[in-house]
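A look at the structure
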Amino acid sequence: MDKMTGTFGLVGCGQLGAAIASALLRAGAVDPARMWIANRSGPVPALAATPGLNWTADIQTLADACDTILLALPPAIGRKLRFEGAGRLVVSVMAGVSVAELGAISGAARVVRAMSSPAAAIGMAYSPWFAGEGVSEHDRAIVRALFSACGASDEVPDESQIDVFTAITGPVPGFVAAFAASVQDYAQAQGVAPDVARRAVGQLFHAAGALLAGSERPAAYFVAEMVDYAGTTAAGLEALRAAGLTEIVAQGLEAARLRCLTIGREEG
Ligand SMILES: NC(=O)C1=CN([C@@H]2O[C@H](COP(=O)(O)OP(=O)(O)OC[C@H]3O[C@@H](n4cnc5c(N)ncnc54)[C@H](OP(=O)(O)O)[C@@H]3O)[C@@H](O)[C@H]2O)C=CC1
Ligand SMILES: O=C(O)[C@@H]1CCC=N1
């Protein structure tokens, strides 16, 4: 696992920030003594006893001490934040907050807009990131070290793709939980006991996730394979296709993507 060079500061240690902080420390991507956390209510229990880790309630104190700053605040709060971060590398995982806004928030010329998920806590997040104009190759190495400690990541060429991934991979279990709940509901409607349905569907998604994540093939390949097999599953897949599954999923994801454009603004 690559180490992040320099000092690192996290602003906001909630659901996502705490997951990323624990991932970085577990992976050894940053030494605690070179890491700062600014959290409104102070140290979080899971990390409070980490030897050497620096806590502060003051964001500017963190900014003055850190070469790389990660913003993990709610969008409504993050948008209103201002601190002097000129000369720093500023990275954000805040939904909907643009590179331009991040420059205004921090005064930094080197800004990376990213997305991650609380799956970072188990090293299984997907963290896409978009680099603003001033970001150097050295900065990119730091960002790669940061997000490889959290799971898989890719640099994307277009900032608008971060909104797409905020919809798709930001929430974990997210939309997959919605599908899993529908499967559990079906099982229970057929008389399966709730705890058995929960265990069965959990194992199904655990196995399916492992197979999909471990394959170079797109998910569509596995669908076509089952349709071609022309067994019981094919009948169900054909019924789902006829019912508009693809269109329904796209509607949900598009609603989440569009919400990125309004979340945390005065009116939204
Ligand atoms: N949760 C998720 O699944 C995901 C979240 N995100 C994004 O991550 C960001 C953070 O979300 P999430 O972690 O869920 O939010 P939480 O509300 O769980 O955590 C926000 C944290 O920020 C702290 N905070 C608030 N204001 C300040 C401040 N002025 N100075 C220092 N700390 C402050 C809060 O402190 P206190 O506890 O004292 O209030 C809290 O610990 C959001 O922009 C969200 O869109 C992205 C992907 C997934
Ligand atoms: O639902 C949310 O707003 C956060 C951001 C992306 C995923 N979860």
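The rules behind the values
- Residues numbered from 1 in each chain as written.
- Chains lettered and ligands numbered in written order.
- Predicted model: local features only at pLDDT ≥ 70, side-chain atom pairs only at ≥ 80, totals over all residues.
- Heavy atoms only, no water.
- Near = heavy atom within 4 Å.
- Polar contact = N/O pair within 3.5 Å; in protein donor to acceptor, adjacent residues only side chain to side chain.
- Areas by Shrake-Rupley, 256 points an atom, 1.4 Å probe, with all protein chains shown as cover.
- 1 Å grid on protein atoms, 1.4 Å probe; cavity = no way out; pocket = protein on both sides within 12 Å on 5 of 7 lines; lining within 4 Å.
- Sits in = over half its atoms within 2 Å of the grid points.
- Nonpolar A, V, L, I, M, F, W, Y, C, P; charged D, E, K, R; others polar.
- UniProt positions renumbered as here; feature names shortened; annotations may be inferred.
- Helix = DSSP H or I, 4+ residues; strand = E, 2+ residues; numbered from the N terminus.
- Domains from an automatic or database assignment.
- Axes fitted to C-alpha atoms, helices over the stretch in contact; angles between N-to-C directions.
- Parallel < 35°, antiparallel > 145°, perpendicular 65-115°, else oblique.
- Left-handed = near helix turned anticlockwise from the far one by under 90°.
- Contact = heavy atoms within 4.5 Å.
- Phe/Tyr/Trp six-rings, centres within 6.5 Å; stacked < 30°, edge-to-face > 60°.
- Buried < 20%, exposed > 50% of the residue type's maximum accessible area, 1.4 Å probe, protein only.
- Lys NZ or Arg CZ within 6 Å of the ring centre and 35° of its normal.

Section: the site of ligand 1
Close contacts around ligand 1 come from 22 residues, with Leu-16, Asn-39, Arg-40, Ser-41 and Leu-73 the closest. The backbone of Gln-15 places a nitrogen or oxygen atom 3.0 Å from an oxygen atom of ligand 1. For ligand 1, the accessible surface in isolation is 890 Å², of which the surrounding protein chains cover 76%. Judged by the proximity of its atoms to the pocket grid, ligand 1 belongs to the second largest pocket. Along the lines of polarity and charge, the residues of the shell around ligand 1 split into 14 nonpolar, 7 polar and 1 charged.

Some details on the UniProt feature "domain: Pyrroline-5-carboxylate reductase catalytic N-terminal" (unreviewed entry) in the protein chain
UniProt marks residues 8–96 with the feature "domain: Pyrroline-5-carboxylate reductase catalytic N-terminal" (unreviewed entry), using the numbering shown here. Taken end to end, residues 8–96 is 34% helix and 21% strand, and its two terminal C-alpha atoms sit 23 Å from one another.

Considerations on the site of ligand 2
What surrounds ligand 2 is the set Thr-166, Gly-170 and Pro-171. About the coverage of ligand 2: the protein hides 49% of its 240 Å² of free accessible area.

Overview of the domain arrangement of the protein chain
The assigned domain composition of the protein chain is domain 1 (8–156) and domain 2 (174–260). Put simply, the middle of domain 1 and the middle of domain 2, counted by C-alpha atoms, are 33 Å apart.

With respect to the packing of helix H7 (residues 160–168) against helix H12 (residues 245–260)
With their axes 8 Å apart at the nearest point, H7 and H12 run at an angle of 125° to one another. With respect to H12, the axis of H7 lies oblique. Crossing hand, H7 versus H12: right-handed. Between H7, through Asp-163, Val-164, Thr-166, Ala-167 and Ile-168, and H12, the contact on the second element is made entirely by Leu-253, Ala-256, Arg-257 and Cys-260. Tallied by class, residues from the contact of H7 with H12 come to 6 nonpolar, 1 polar and 2 charged.

Here we look at the packing of aromatic side chains
Each aromatic ring pair is characterised by the separation of its centres together with the angle its planes make. Evaluated as defined, the whole model comprises 3 aromatic pairs. Both rings, one in Tyr-126 and one in Phe-165, keep their centres 5.4 Å apart while their planes meet at 55°; by these two values the pair is tilted. Of this pair, Tyr-126 sits in strand E7 (residues 125–131) while Phe-165 sits in helix H7; the two residues are 39 residues apart in sequence, bridging distant segments of the chain. Note on Phe-179 and Phe-205: the rings are 6.1 Å apart at their centroids and 75° apart in plane angle, and the pair reads as edge-to-face. Here Phe-179, found in helix H8 (residues 174–189), pairs with Phe-205, found in helix H9 (residues 194–213); they are 26 residues apart in sequence, far enough to count as distant. Using a relative accessible area of 41% as the deciding quantity, one classes Phe-179 as partly exposed. When its relative accessible area of 24% is taken as the criterion, Phe-205 is described as partly exposed. One Lys or Arg, Arg-217, reaches over the ring of Tyr-221 and ends 4.1 Å from the middle of that ring.

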